[in-house]
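The lines below spell out each chain.
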Amino acid sequence: MATSKTSKKPAPLSQYEAKRDFARTPEPRANVRKGTGRAVRFVVQKHRATRLHYDFRLEADGVLKSWAVPKGPSLDPADKRLAMQVEDHPLDYRDFEGIIPEDNYGAGEVIVWDKGTYRLAEGVDAAVEIAAGKIKFILTGKKLTGMFTLVKMRGRNQTENAWLLIKDKDSGVDLSWRAEDHAESVKSGRTLEDVAKNPRARKWSSNRPASGESKER
Ligand code: MN
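Residues numbered from 1 in each chain as written. Predicted model: local features only at pLDDT ≥ 70, side-chain atom pairs only at ≥ 80, totals over all residues. Heavy atoms only, no water.

When you look at the packing of aromatic side chains in this model, what are you seeing that I'm missing?
Two measures describe an aromatic ring pair: the distance that separates the ring centres and the angle between the ring planes. According to the stated counting rule, one finds ten aromatic pairs in the structure shown. Relative to Trp-163, the ring of Trp-67 has its centre 5.3 Å away and its plane inclined at 70°; by these criteria the two rings are edge-to-face. One end of the pair, Trp-67, is in strand 3 (residues 63-69); the other, Trp-163, is in strand 9 (residues 162-167), with 96 residues separating them in the sequence. For the pair Trp-67 and Trp-163, one class covers both residues: buried. Aromatic side chains Tyr-118 and Phe-137 sit 6.0 Å apart centroid to centroid with 75° between the ring planes, which places their arrangement in the edge-to-face category. Of the two residues, Tyr-118 is situated in strand 6 (residues 108-120) and Phe-137 in strand 7 (residues 134-141); the sequence distance between them amounts to 19 residues. Using a relative accessible area of 0% as the deciding quantity, one classes Phe-137 as buried. Linked through ring pairs, Phe-42, Phe-56, Tyr-118, Phe-137 and Phe-148 together constitute an aromatic cluster. (Phe/Tyr/Trp six-rings, centres within 6.5 Å; stacked < 30°, edge-to-face > 60°. Helix = DSSP H or I, 4+ residues; strand = E, 2+ residues; numbered from the N terminus. Buried < 20%, exposed > 50% of the residue type's maximum accessible area, 1.4 Å probe, protein only.)

Hey, could you run me through the pattern of salt bridges in this one?
In a structure, side chains of opposite charge can pair up when their charged atoms sit close to one another. Inspection of the entire model under this criterion finds 15 salt bridges. Here Arg-48 and Glu-193 are joined by a salt bridge, their closest N and O atoms 2.7 Å apart. Within this pair, whereas Arg-48 is found in strand 1 (residues 41-48), its partner Glu-193 is found in helix 3 (residues 192-197), the two being separated by 145 residues in sequence. Overall, Arg-48 belongs to the partly exposed group, its relative accessible area being 30%. With relative accessibility at 42%, the residue Glu-193 sits in the partly exposed group. Asp-79 serves as the salt-bridge partner of Arg-81, at 3.4 Å between the closest nitrogen and oxygen. Residue Asp-79 is classed as partly exposed on the basis of its relative accessible area of 24%. (Salt bridge = Lys/Arg side-chain N within 4 Å of Asp/Glu carboxyl O.)

This is the structure we're talking about:
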C-alpha cells in the first residue's frame, strides 16, 4: 500500500511552541532531547495561572509528557485526582521556576514543587504506556515516593484529555499528608508567594553574589 510522505503526527512540541512567544516569556524554547542511559526524570511544578494547579510531568520520548492536576497529588489511594493532559513540554522545562509575564500563555508564578526520577512498574516504554491510556510508575522524589498510576478516563461524557492520578498502596501511603502543607520549591526553597514578590531572589543561602536584583531579606 502506498503511504503518504507527510506524517499525520504533529512535530514534537509543536503545540508547546505555538502557545508561546519566546521573546516575551522566560520559559525554555522547544527542544527535543533523545538519549540513552539517562535516568528518566519527573517533575511537578506548582503553577498559579488563572487557577492554581500542579503540573505533573514524566520524561518520555525525549520530552516531558504533562498533566495539570488542579488539586495536586495525594498520598491516599482513595483520592482519585483529576489530571488533564496538556501539551508536551521540553525536558529543559523541568528546571523552570519564575514568572510567566502577563498576557502570555499560562501567565503566573511557577515553582519546582518536586523532582526526581521514576521507573515503570509495568511495561518497558513510558511513551507506549501513555499512548495506551495507563501508566504505572514508581517515583523517587523529595516529596513524592512510591507507586502511582495515571489512567485515562473512559466513557462518553469524558473529554479526551481527562486522566486520573492515583496513589497505589505501598509504604509511601500517608493519609494525613496534604500537598498544600508542602508549599516550598525543592529547587530554591521558595513558595509561589516568594516568587511573586521577587522573581530572582533565592531563599536558600548561596555563596554566589546576587546578580542584578537585590537579594530577598
Ligand atoms: Mn501549568
